[in-house]
Amino acid sequence: MPAIPVRTHGGNYAVHVERGSLARLAEFVPEGSGKLFIVTTGDVWKLHQGPVLQAVEGREHAVLFFPGGEDRKRLAEVEALAGQLLEQGADRSSLVIAFGGGIVTDVAGFVAATFMRGIPVLQTPTTLLAQVDAAIGGKTGVNLASGKNLVGAFHQPVAVVVDPDVLSTLSEREYRAGLVEVLKAGIIRDPYLYHVMADGYESVLQREPRIVDELIECAVKVKAGVVSLDERESGLRRILNFGHTVGHALEAETGYQRLLHGEAVAFGMKAAVHLSHLTGHLSGEDSVDMLQTIGRYSVIPPLDGVTPEKLAARLKSDKKTVLGSVHWVLAPAIGQAKVVSGIEEKIVLRAIARAME
Ligand SMILES: NC(=O)c1ccc[n+]([C@@H]2O[C@H](COP(=O)([O-])OP(=O)(O)OC[C@H]3O[C@@H](n4cnc5c(N)ncnc54)[C@H](O)[C@@H]3O)[C@@H](O)[C@H]2O)c1
Ligand SMILES: [Zn+2]
(Lines give C-alpha, C1' and ligand atoms only; values in the text may rest on other atoms or scores of the structure.)
(Ligands and ions follow the chains in the order given, each with its own letter.)
Protein backbone atom coordinates (compact mmCIF):
# COMPACT_ATOMS: atom_id res chain seq x y z
CA MET A 1 0.00 0.00 0.00
CA PRO A 2 1.52 3.34 -0.95
CA ALA A 3 2.27 5.41 2.16
CA ILE A 4 3.30 8.82 0.91
CA PRO A 5 5.29 10.80 3.48
CA VAL A 6 4.54 14.39 4.46
CA ARG A 7 7.21 16.13 6.54
CA THR A 8 6.38 19.41 8.26
CA HIS A 9 7.41 21.30 11.39
CA GLY A 10 3.95 20.48 12.71
CA GLY A 11 4.63 16.74 12.40
CA ASN A 12 5.54 13.94 10.01
CA TYR A 13 2.81 11.62 8.80
CA ALA A 14 1.79 9.54 5.81
CA VAL A 15 -1.02 9.59 3.28
CA HIS A 16 -2.18 5.98 2.84
CA VAL A 17 -3.87 5.34 -0.49
CA GLU A 18 -5.56 1.94 -0.73
CA ARG A 19 -8.91 0.49 -1.64
CA GLY A 20 -10.59 -0.93 1.43
CA SER A 21 -8.43 1.08 3.84
CA LEU A 22 -11.50 2.52 5.62
CA ALA A 23 -12.20 -0.87 7.15
CA ARG A 24 -8.67 -0.80 8.60
CA LEU A 25 -9.00 2.71 10.00
CA ALA A 26 -8.21 1.52 13.53
CA GLU A 27 -4.64 0.75 12.44
CA PHE A 28 -4.06 4.46 11.93
CA VAL A 29 -5.35 5.53 15.35
CA PRO A 30 -2.30 6.48 17.45
CA GLU A 31 -1.56 4.30 20.46
CA GLY A 32 -2.94 5.69 23.69
CA SER A 33 -5.82 7.53 21.98
CA GLY A 34 -8.95 7.92 24.07
CA LYS A 35 -12.46 8.27 22.75
CA LEU A 36 -12.83 8.60 18.95
CA PHE A 37 -15.04 11.37 17.56
CA ILE A 38 -16.07 10.86 13.95
CA VAL A 39 -17.13 14.17 12.42
CA THR A 40 -19.12 13.70 9.22
CA THR A 41 -22.17 14.72 7.18
CA GLY A 42 -25.42 12.77 7.00
CA ASP A 43 -25.05 11.87 3.30
CA VAL A 44 -21.51 10.48 3.61
CA TRP A 45 -22.39 8.61 6.79
CA LYS A 46 -25.42 7.00 5.20
CA LEU A 47 -23.40 5.84 2.21
CA HIS A 48 -20.17 4.75 3.84
CA GLN A 49 -20.65 4.15 7.57
CA GLY A 50 -20.27 0.34 7.17
CA PRO A 51 -16.49 -0.03 7.02
CA VAL A 52 -15.92 2.80 9.52
CA LEU A 53 -18.23 1.27 12.12
CA GLN A 54 -16.54 -2.06 11.56
CA ALA A 55 -13.15 -0.44 12.13
CA VAL A 56 -14.08 1.29 15.42
CA GLU A 57 -16.08 -1.62 16.82
CA GLY A 58 -15.19 -2.27 20.42
CA ARG A 59 -13.64 1.18 20.87
CA GLU A 60 -15.30 4.04 22.65
CA HIS A 61 -16.61 6.36 19.93
CA ALA A 62 -19.25 8.91 18.97
CA VAL A 63 -20.46 10.23 15.63
CA LEU A 64 -20.96 13.99 15.36
CA PHE A 65 -22.85 15.44 12.41
CA PHE A 66 -22.07 18.64 10.60
CA PRO A 67 -24.70 20.02 8.18
CA GLY A 68 -22.22 20.46 5.29
CA GLY A 69 -22.18 23.11 2.60
CA GLU A 70 -19.93 26.12 2.10
CA ASP A 71 -22.39 28.44 3.89
CA ARG A 72 -22.19 26.26 7.01
CA LYS A 73 -18.38 26.31 7.07
CA ARG A 74 -18.55 28.95 9.80
CA LEU A 75 -17.38 29.58 13.35
CA ALA A 76 -20.88 28.89 14.67
CA GLU A 77 -20.54 25.27 13.53
CA VAL A 78 -17.11 25.02 15.14
CA GLU A 79 -18.63 26.15 18.42
CA ALA A 80 -21.50 23.68 18.03
CA LEU A 81 -19.12 20.78 17.37
CA ALA A 82 -16.81 21.77 20.23
CA GLY A 83 -19.83 21.87 22.52
CA GLN A 84 -20.83 18.37 21.46
CA LEU A 85 -17.29 17.12 22.00
CA LEU A 86 -17.35 18.38 25.55
CA GLU A 87 -20.84 17.06 26.28
CA GLN A 88 -19.83 13.63 25.04
CA GLY A 89 -16.77 13.41 27.20
CA ALA A 90 -13.92 14.54 24.98
CA ASP A 91 -10.61 15.32 26.64
CA ARG A 92 -7.07 15.93 25.47
CA SER A 93 -6.57 12.24 24.67
CA SER A 94 -9.52 12.17 22.27
CA LEU A 95 -9.07 11.82 18.52
CA VAL A 96 -11.15 13.58 15.88
CA ILE A 97 -11.72 11.52 12.73
CA ALA A 98 -12.76 13.84 9.90
CA PHE A 99 -14.84 11.77 7.50
CA GLY A 100 -16.17 13.64 4.49
CA GLY A 101 -15.36 16.11 1.73
CA GLY A 102 -13.07 19.13 1.97
CA ILE A 103 -15.59 21.09 3.97
CA VAL A 104 -15.61 18.43 6.67
CA THR A 105 -11.83 18.01 6.65
CA ASP A 106 -11.42 21.81 6.98
CA VAL A 107 -14.04 22.26 9.71
CA ALA A 108 -13.27 19.11 11.73
CA GLY A 109 -9.55 19.87 11.35
CA PHE A 110 -10.11 23.35 12.77
CA VAL A 111 -12.22 22.00 15.63
CA ALA A 112 -9.35 19.62 16.44
CA ALA A 113 -6.81 22.44 16.12
CA THR A 114 -8.62 24.57 18.69
CA PHE A 115 -10.53 22.25 21.05
CA MET A 116 -8.67 22.39 24.39
CA ARG A 117 -5.91 24.19 22.45
CA GLY A 118 -5.48 21.26 20.10
CA ILE A 119 -6.25 17.55 19.95
CA PRO A 120 -5.13 15.16 17.19
CA VAL A 121 -7.07 14.65 13.96
CA LEU A 122 -7.11 11.72 11.55
CA GLN A 123 -8.17 12.78 8.07
CA THR A 124 -10.34 10.36 6.06
CA PRO A 125 -11.36 12.37 2.98
CA THR A 126 -14.22 11.11 0.82
CA THR A 127 -14.25 13.41 -2.22
CA LEU A 128 -11.54 13.29 -4.86
CA LEU A 129 -10.74 16.94 -4.15
CA ALA A 130 -10.27 16.30 -0.44
CA GLN A 131 -8.25 13.12 -1.07
CA VAL A 132 -5.68 14.82 -3.28
CA ASP A 133 -5.78 18.30 -1.81
CA ALA A 134 -7.82 19.54 1.17
CA ALA A 135 -6.94 16.79 3.65
CA ILE A 136 -3.18 17.06 3.07
CA GLY A 137 -0.96 19.82 4.36
CA GLY A 138 -2.57 20.83 7.61
CA LYS A 139 -4.55 23.87 6.51
CA THR A 140 -7.82 24.00 8.39
CA GLY A 141 -10.38 26.73 8.82
CA VAL A 142 -13.74 28.33 8.19
CA ASN A 143 -15.24 31.21 6.22
CA LEU A 144 -16.24 34.69 7.35
CA ALA A 145 -19.17 36.55 5.81
CA SER A 146 -16.61 38.63 3.91
CA GLY A 147 -14.57 35.80 2.46
CA LYS A 148 -13.49 32.16 2.35
CA ASN A 149 -11.06 30.51 4.77
CA LEU A 150 -10.29 33.75 6.60
CA VAL A 151 -10.13 32.15 10.05
CA GLY A 152 -8.02 29.05 10.42
CA ALA A 153 -5.00 27.25 11.76
CA PHE A 154 -2.27 24.95 10.58
CA HIS A 155 -2.93 21.60 12.23
CA GLN A 156 -1.25 18.56 10.73
CA PRO A 157 -3.15 15.26 10.97
CA VAL A 158 -1.74 12.08 12.52
CA ALA A 159 -2.37 10.38 9.16
CA VAL A 160 -4.50 10.71 6.04
CA VAL A 161 -6.40 7.58 5.00
CA VAL A 162 -7.57 7.62 1.39
CA ASP A 163 -9.93 4.86 0.29
CA PRO A 164 -10.68 5.32 -3.44
CA ASP A 165 -13.66 2.94 -3.11
CA VAL A 166 -15.78 5.75 -1.66
CA LEU A 167 -15.50 7.72 -4.90
CA SER A 168 -17.94 5.35 -6.61
CA THR A 169 -20.84 7.30 -5.06
CA LEU A 170 -19.53 10.76 -5.92
CA SER A 171 -21.62 12.72 -8.43
CA GLU A 172 -20.19 13.22 -11.91
CA ARG A 173 -19.94 16.96 -11.27
CA GLU A 174 -17.99 16.58 -7.99
CA TYR A 175 -15.77 13.91 -9.55
CA ARG A 176 -14.85 16.18 -12.46
CA ALA A 177 -14.22 19.08 -10.08
CA GLY A 178 -11.73 16.89 -8.22
CA LEU A 179 -10.09 15.82 -11.46
CA VAL A 180 -9.33 19.47 -12.20
CA GLU A 181 -7.11 19.60 -9.08
CA VAL A 182 -5.45 16.33 -10.15
CA LEU A 183 -4.76 17.82 -13.57
CA LYS A 184 -3.37 20.94 -11.90
CA ALA A 185 -0.88 18.74 -10.03
CA GLY A 186 0.21 17.22 -13.35
CA ILE A 187 0.59 20.57 -15.08
CA ILE A 188 2.69 22.16 -12.34
CA ARG A 189 4.89 19.24 -11.33
CA ASP A 190 4.31 15.83 -12.90
CA PRO A 191 4.45 15.38 -16.69
CA TYR A 192 3.70 11.65 -16.32
CA LEU A 193 0.46 12.37 -14.44
CA TYR A 194 -0.42 14.99 -17.03
CA HIS A 195 0.02 12.53 -19.91
CA VAL A 196 -1.96 9.81 -18.15
CA MET A 197 -4.82 12.31 -17.91
CA ALA A 198 -4.38 13.67 -21.42
CA ASP A 199 -4.18 10.26 -23.11
CA GLY A 200 -6.41 8.18 -20.84
CA TYR A 201 -9.29 10.57 -20.33
CA GLU A 202 -11.95 8.02 -21.30
CA SER A 203 -10.76 5.54 -18.64
CA VAL A 204 -10.41 8.37 -16.15
CA LEU A 205 -13.96 9.56 -16.73
CA GLN A 206 -15.25 5.99 -16.48
CA ARG A 207 -13.50 5.77 -13.08
CA GLU A 208 -11.50 2.65 -13.95
CA PRO A 209 -10.04 1.68 -10.57
CA ARG A 210 -6.48 1.08 -11.75
CA ILE A 211 -6.18 4.50 -13.36
CA VAL A 212 -8.08 6.34 -10.59
CA ASP A 213 -5.72 4.87 -7.98
CA GLU A 214 -2.73 5.91 -10.02
CA LEU A 215 -4.01 9.46 -10.44
CA ILE A 216 -4.68 9.80 -6.72
CA GLU A 217 -1.26 8.48 -5.82
CA CYS A 218 0.53 10.81 -8.25
CA ALA A 219 -1.49 13.88 -7.21
CA VAL A 220 -0.99 13.12 -3.50
CA LYS A 221 2.76 12.87 -4.12
CA VAL A 222 2.74 16.33 -5.71
CA LYS A 223 0.82 17.94 -2.85
CA ALA A 224 2.77 16.05 -0.16
CA GLY A 225 6.08 16.91 -1.80
CA VAL A 226 5.34 20.61 -2.15
CA VAL A 227 3.94 20.93 1.39
CA SER A 228 6.96 19.11 2.81
CA LEU A 229 9.27 21.61 1.18
CA ASP A 230 7.20 24.68 2.08
CA GLU A 231 4.68 24.18 4.84
CA ARG A 232 3.46 27.75 5.16
CA GLU A 233 3.27 28.89 1.58
CA SER A 234 6.11 31.39 1.62
CA GLY A 235 7.55 30.16 -1.63
CA LEU A 236 7.13 26.84 -3.40
CA ARG A 237 3.66 26.12 -1.97
CA ARG A 238 2.41 29.03 -4.04
CA ILE A 239 2.65 26.90 -7.18
CA LEU A 240 -0.34 24.92 -5.87
CA ASN A 241 -2.33 28.07 -6.59
CA PHE A 242 -2.00 27.54 -10.34
CA GLY A 243 -5.39 28.50 -11.79
CA HIS A 244 -6.57 29.69 -8.37
CA THR A 245 -5.92 33.42 -8.74
CA VAL A 246 -8.57 33.87 -11.41
CA GLY A 247 -10.47 30.85 -10.06
CA HIS A 248 -10.98 32.52 -6.66
CA ALA A 249 -12.00 35.77 -8.36
CA LEU A 250 -14.62 33.86 -10.37
CA GLU A 251 -15.93 32.05 -7.27
CA ALA A 252 -16.29 35.37 -5.47
CA GLU A 253 -17.85 37.11 -8.47
CA THR A 254 -20.47 34.36 -8.77
CA GLY A 255 -21.22 34.45 -5.04
CA TYR A 256 -19.82 30.94 -4.34
CA GLN A 257 -23.12 29.53 -5.57
CA ARG A 258 -23.00 28.86 -9.27
CA LEU A 259 -19.71 27.03 -9.60
CA LEU A 260 -17.91 24.30 -7.74
CA HIS A 261 -14.38 25.18 -6.69
CA GLY A 262 -12.90 22.82 -9.29
CA GLU A 263 -15.03 24.36 -12.04
CA ALA A 264 -13.81 27.84 -11.16
CA VAL A 265 -10.23 26.55 -11.01
CA ALA A 266 -10.62 24.99 -14.47
CA PHE A 267 -11.53 28.43 -15.78
CA GLY A 268 -8.61 29.94 -13.87
CA MET A 269 -6.25 27.31 -15.31
CA LYS A 270 -7.34 28.21 -18.82
CA ALA A 271 -6.64 31.88 -18.08
CA ALA A 272 -3.26 30.96 -16.55
CA VAL A 273 -2.32 28.93 -19.66
CA HIS A 274 -3.25 31.86 -21.91
CA LEU A 275 -1.32 34.22 -19.66
CA SER A 276 1.72 31.92 -19.73
CA HIS A 277 1.60 31.97 -23.53
CA LEU A 278 0.85 35.70 -23.90
CA THR A 279 3.82 36.61 -21.69
CA GLY A 280 6.15 34.41 -23.73
CA HIS A 281 6.70 31.78 -21.03
CA LEU A 282 4.86 28.89 -22.75
CA SER A 283 5.02 27.58 -26.32
CA GLY A 284 1.92 27.68 -28.51
CA GLU A 285 2.05 23.90 -28.91
CA ASP A 286 2.03 23.17 -25.17
CA SER A 287 -0.65 25.76 -24.51
CA VAL A 288 -2.98 24.15 -27.10
CA ASP A 289 -2.30 20.75 -25.55
CA MET A 290 -3.05 21.96 -22.02
CA LEU A 291 -6.21 23.81 -23.06
CA GLN A 292 -7.50 20.71 -24.78
CA THR A 293 -6.86 18.53 -21.73
CA ILE A 294 -8.46 21.03 -19.35
CA GLY A 295 -11.46 21.05 -21.71
CA ARG A 296 -11.78 17.26 -21.52
CA TYR A 297 -12.45 17.39 -17.78
CA SER A 298 -14.06 20.69 -17.06
CA VAL A 299 -17.63 21.62 -17.63
CA ILE A 300 -17.76 25.31 -16.81
CA PRO A 301 -21.33 26.50 -16.18
CA PRO A 302 -22.58 29.57 -18.11
CA LEU A 303 -20.85 32.73 -16.92
CA ASP A 304 -23.62 35.24 -17.64
CA GLY A 305 -22.81 38.66 -16.23
CA VAL A 306 -19.13 37.90 -15.61
CA THR A 307 -16.65 40.12 -17.46
CA PRO A 308 -12.83 40.14 -17.53
CA GLU A 309 -12.92 43.63 -15.96
CA LYS A 310 -15.00 42.45 -13.00
CA LEU A 311 -12.65 39.51 -12.43
CA ALA A 312 -9.58 41.74 -12.66
CA ALA A 313 -11.09 44.06 -10.03
CA ARG A 314 -11.58 41.05 -7.72
CA LEU A 315 -7.94 40.02 -8.09
CA LYS A 316 -6.85 43.03 -6.11
CA SER A 317 -8.69 41.79 -3.04
CA ASP A 318 -7.40 38.20 -3.24
CA LYS A 319 -5.99 37.00 0.11
CA LYS A 320 -2.82 35.82 -1.67
CA THR A 321 -2.04 39.25 -3.10
CA VAL A 322 1.22 40.51 -1.68
CA LEU A 323 1.73 44.27 -1.42
CA GLY A 324 -0.83 44.93 -4.09
CA SER A 325 0.98 43.02 -6.81
CA VAL A 326 -0.58 39.79 -7.98
CA HIS A 327 1.75 36.77 -7.94
CA TRP A 328 0.86 34.73 -10.99
CA VAL A 329 1.62 31.06 -11.19
CA LEU A 330 2.53 30.36 -14.81
CA ALA A 331 3.25 27.08 -16.56
CA PRO A 332 6.41 27.39 -18.69
CA ALA A 333 6.02 23.75 -19.84
CA ILE A 334 4.03 20.63 -19.00
CA GLY A 335 5.10 19.64 -15.49
CA GLN A 336 6.63 22.98 -14.53
CA ALA A 337 5.47 26.09 -12.71
CA LYS A 338 6.91 29.52 -12.17
CA VAL A 339 5.75 32.46 -10.05
CA VAL A 340 5.79 35.82 -11.86
CA SER A 341 4.55 39.20 -10.64
CA GLY A 342 4.10 42.59 -12.25
CA ILE A 343 2.18 41.43 -15.33
CA GLU A 344 0.38 44.37 -16.99
CA GLU A 345 -3.35 44.51 -16.42
CA LYS A 346 -4.15 44.66 -20.13
CA ILE A 347 -2.40 41.32 -20.71
CA VAL A 348 -4.28 39.81 -17.76
CA LEU A 349 -7.56 41.07 -19.23
CA ARG A 350 -6.70 39.54 -22.59
CA ALA A 351 -5.90 36.16 -21.01
CA ILE A 352 -9.19 36.15 -19.09
CA ALA A 353 -11.12 37.15 -22.21
CA ARG A 354 -9.57 34.22 -24.09
CA ALA A 355 -10.53 31.82 -21.30
CA MET A 356 -14.11 33.01 -21.72
CA GLU A 357 -14.20 32.26 -25.47
N1 LIG B 1 -7.39 22.87 3.45
C2 LIG B 1 -6.98 22.90 2.20
O3 LIG B 1 -5.79 22.88 1.92
C4 LIG B 1 -8.02 22.93 1.12
C5 LIG B 1 -7.64 22.71 -0.20
C6 LIG B 1 -8.63 22.68 -1.18
C7 LIG B 1 -9.96 22.88 -0.84
N8 LIG B 1 -10.30 23.11 0.47
C9 LIG B 1 -11.69 23.30 0.86
O10 LIG B 1 -12.44 22.15 0.50
C11 LIG B 1 -13.80 22.52 0.35
C12 LIG B 1 -14.39 21.81 -0.84
O13 LIG B 1 -14.30 20.43 -0.64
P14 LIG B 1 -15.14 19.39 -1.54
O15 LIG B 1 -15.01 19.76 -2.95
O16 LIG B 1 -14.72 18.04 -1.11
O17 LIG B 1 -16.65 19.73 -1.15
P18 LIG B 1 -17.65 19.16 -0.05
O19 LIG B 1 -16.94 18.84 1.20
O20 LIG B 1 -18.78 20.11 0.03
O21 LIG B 1 -18.17 17.81 -0.70
C22 LIG B 1 -18.96 17.88 -1.86
C23 LIG B 1 -20.29 17.14 -1.70
O24 LIG B 1 -20.06 15.75 -1.85
C25 LIG B 1 -20.60 15.03 -0.74
N26 LIG B 1 -19.77 13.84 -0.60
C27 LIG B 1 -18.58 13.74 0.03
N28 LIG B 1 -18.07 12.51 -0.15
C29 LIG B 1 -18.95 11.81 -0.91
C30 LIG B 1 -18.97 10.50 -1.44
N31 LIG B 1 -17.94 9.66 -1.25
N32 LIG B 1 -20.04 10.12 -2.16
C33 LIG B 1 -21.07 10.98 -2.38
N34 LIG B 1 -21.10 12.24 -1.93
C35 LIG B 1 -20.05 12.65 -1.20
C36 LIG B 1 -20.54 16.03 0.37
O37 LIG B 1 -21.41 15.74 1.43
C38 LIG B 1 -20.93 17.31 -0.35
O39 LIG B 1 -22.31 17.39 -0.53
C40 LIG B 1 -13.84 24.03 0.23
O41 LIG B 1 -14.42 24.58 1.39
C42 LIG B 1 -12.38 24.42 0.13
O43 LIG B 1 -12.10 25.67 0.72
C44 LIG B 1 -9.35 23.12 1.44
ZN1 LIG C 1 -8.17 24.23 -5.18
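Residues numbered from 1 in each chain as written. Chains lettered and ligands numbered in written order. Predicted model: local features only at pLDDT ≥ 70, side-chain atom pairs only at ≥ 80, totals over all residues. Heavy atoms only, no water.

Visitor: Would you explain the side chain of Lys184 in this entry?
Guide: Counting through the fold element by element, Lys184 comes out in helix 5 (residues 172-189). If we ignore the near neighbours within four places in the chain, the residues touching Lys184 are Asp133, Leu240, Phe242, His244 and Met269. (Helix = DSSP H or I, 4+ residues; strand = E, 2+ residues; numbered from the N terminus. Contact = heavy atoms within 4.5 Å.)

Visitor: Even after reading the chapter, I still don't get the domain arrangement of the chain, so can you show me in this structure?
Guide: Much of the literature gives interface size as the accessible area that the parts lose upon coming together. For the chain, the assigned domains are domain 1 (3-169) and domain 2 (172-356). On the domain 2 side, the residues contacting the 27 residues of domain 1 number 27 residues. Here domain 1 packs against domain 2, burying approximately 2,400 Å² in sum over the two surfaces, 65% of which is carbon and sulfur. Seen at the junction of domain 1 and domain 2, the total is two salt bridges. Between Arg19 and Asp213 there is a salt bridge whose closest N-O contact spans 2.8 Å. Here domain 1 and domain 2 share six residue pairs in polar contact (both at pLDDT 80 or more) between them. Mapped by element, the contributors of at least two residues to the side of domain 1 that touches domain 2 are strand 1 (3-8), strand 2 (11-17), helix 4 (128-134) and strand 8 (147-154). A per-class count over the side of domain 1 that touches domain 2 returns 14 nonpolar, eight polar and five charged. (Domains from an automatic or database assignment. Buried area = accessible area lost by both parts, 1.4 Å probe. Salt bridge = Lys/Arg side-chain N within 4 Å of Asp/Glu carboxyl O. Polar contact = N/O pair within 3.5 Å; in protein donor to acceptor, adjacent residues only side chain to side chain. Nonpolar A, V, L, I, M, F, W, Y, C, P; charged D, E, K, R; others polar.)

Visitor: Got a minute to help me understand unusual backbone geometry in this structure?
Guide: When glycine is set aside, most residues are seen to have a negative phi, and most peptide bonds are trans. Positioned with a positive phi, Asn149 is a non-glycine residue whose angle comes to about 55°. With respect to the element layout, Asn149 can be found in strand 8. If you check the backbone angles, Tyr256 has positive phi at about 60° while not being a glycine. Tracing the chain through its elements places Tyr256 in the loop between helix 9 (244-253) and helix 10 (261-278). By relative accessible area, which is 32% here, Tyr256 ends up partly exposed. (Buried < 20%, exposed > 50% of the residue type's maximum accessible area, 1.4 Å probe, protein only.)

Visitor: What is the right way to look at helix 3 (residues 102-114) in this model?
Guide: Each α-helix turn comprises 3.6 residues. Residues three or four places apart therefore point the same way. The terminal C-alpha atoms of helix 3, which comprises 13 residues, lie 18 Å apart, in line with the 18 Å expected from a rise of 1.5 Å per residue. Burial analysis of helix 3 places eleven of its 13 residues in the buried class, which makes it a mostly covered element. Taken together, the buried positions of helix 3 are Gly102, Val104, Thr105, Asp106, Val107, Ala108, Gly109, Phe110, Val111, Ala112 and Ala113. Where helix 3 terminates, the next one or two residues include Met116, which has phi positive at roughly 50°. (Expected span 1.5 Å × (residues − 1).)

Visitor: In this structure, what is going on with the coordination of the zinc ion (ligand 2)? I would like to understand it.
Guide: Six octahedral donors around a metal ideally subtend angles of 90 or 180 degrees, whereas four tetrahedral donors ideally subtend 109.5 degrees. Taken together, Glu181 (OE), His244 (NE2) and His261 (NE2) make up the full set of protein donors to the zinc ion (ligand 2), lying 1.9 to 2.1 Å away. For the zinc ion (ligand 2), the single-chain donor residues occur in sequence as E-x62-H-x16-H. Here His244, found in helix 9, pairs with His261, found in helix 10; they are 17 residues apart in sequence, far enough to count as distant. Relative accessible area serves as the criterion here: at 6%, His244 is assigned to the buried category. (Donors = N, O, S within 2.8 Å, 3.2 Å for Na, K, Ca; no water.)

Visitor: Please explain the sheet that holds strand 2 as it appears in this structure.
Guide: Strand-to-strand pairing in sheets goes through backbone hydrogen bonds, with the strands running parallel or antiparallel. Taken in spatial order, the seven strands of this open sheet run 1-2-9-6-5-3-4, and their pairing is mixed. Bordering the open sheet on either side are strand 1 and strand 4 (61-65), each of which pairs with just one other strand. Ignoring which end each strand starts from, the neighbouring axes of this sheet average 20° apart. Those strands touched by helix 1 (residues 42-56) are strand 3 (36-40), strand 4 and strand 5 (95-100), and its axis lies near 155° from that of strand 3. (Pairing = 2+ DSSP bridges. Axes fitted to C-alpha atoms, helices over the stretch in contact; angles between N-to-C directions.)

Visitor: Whenever I open this one, the site of ligand 1 confuses me. Can you help?
Guide: For ligand 1, the set of nearby residues contains 24 residues, the closest of which are Asp43, Gly102, Thr126, Thr127 and Thr169. Within the side chain of Lys73, a nitrogen or oxygen atom sits 2.8 Å from an oxygen atom of ligand 1. Here a nitrogen atom of ligand 1 and a side-chain polar atom of Asp106 are 2.9 Å apart. Burial of ligand 1 by the protein chains amounts to 84% of its free accessible area of 870 Å². (Near = heavy atom within 4 Å. Areas by Shrake-Rupley, 256 points an atom, 1.4 Å probe, with all protein chains shown as cover.)

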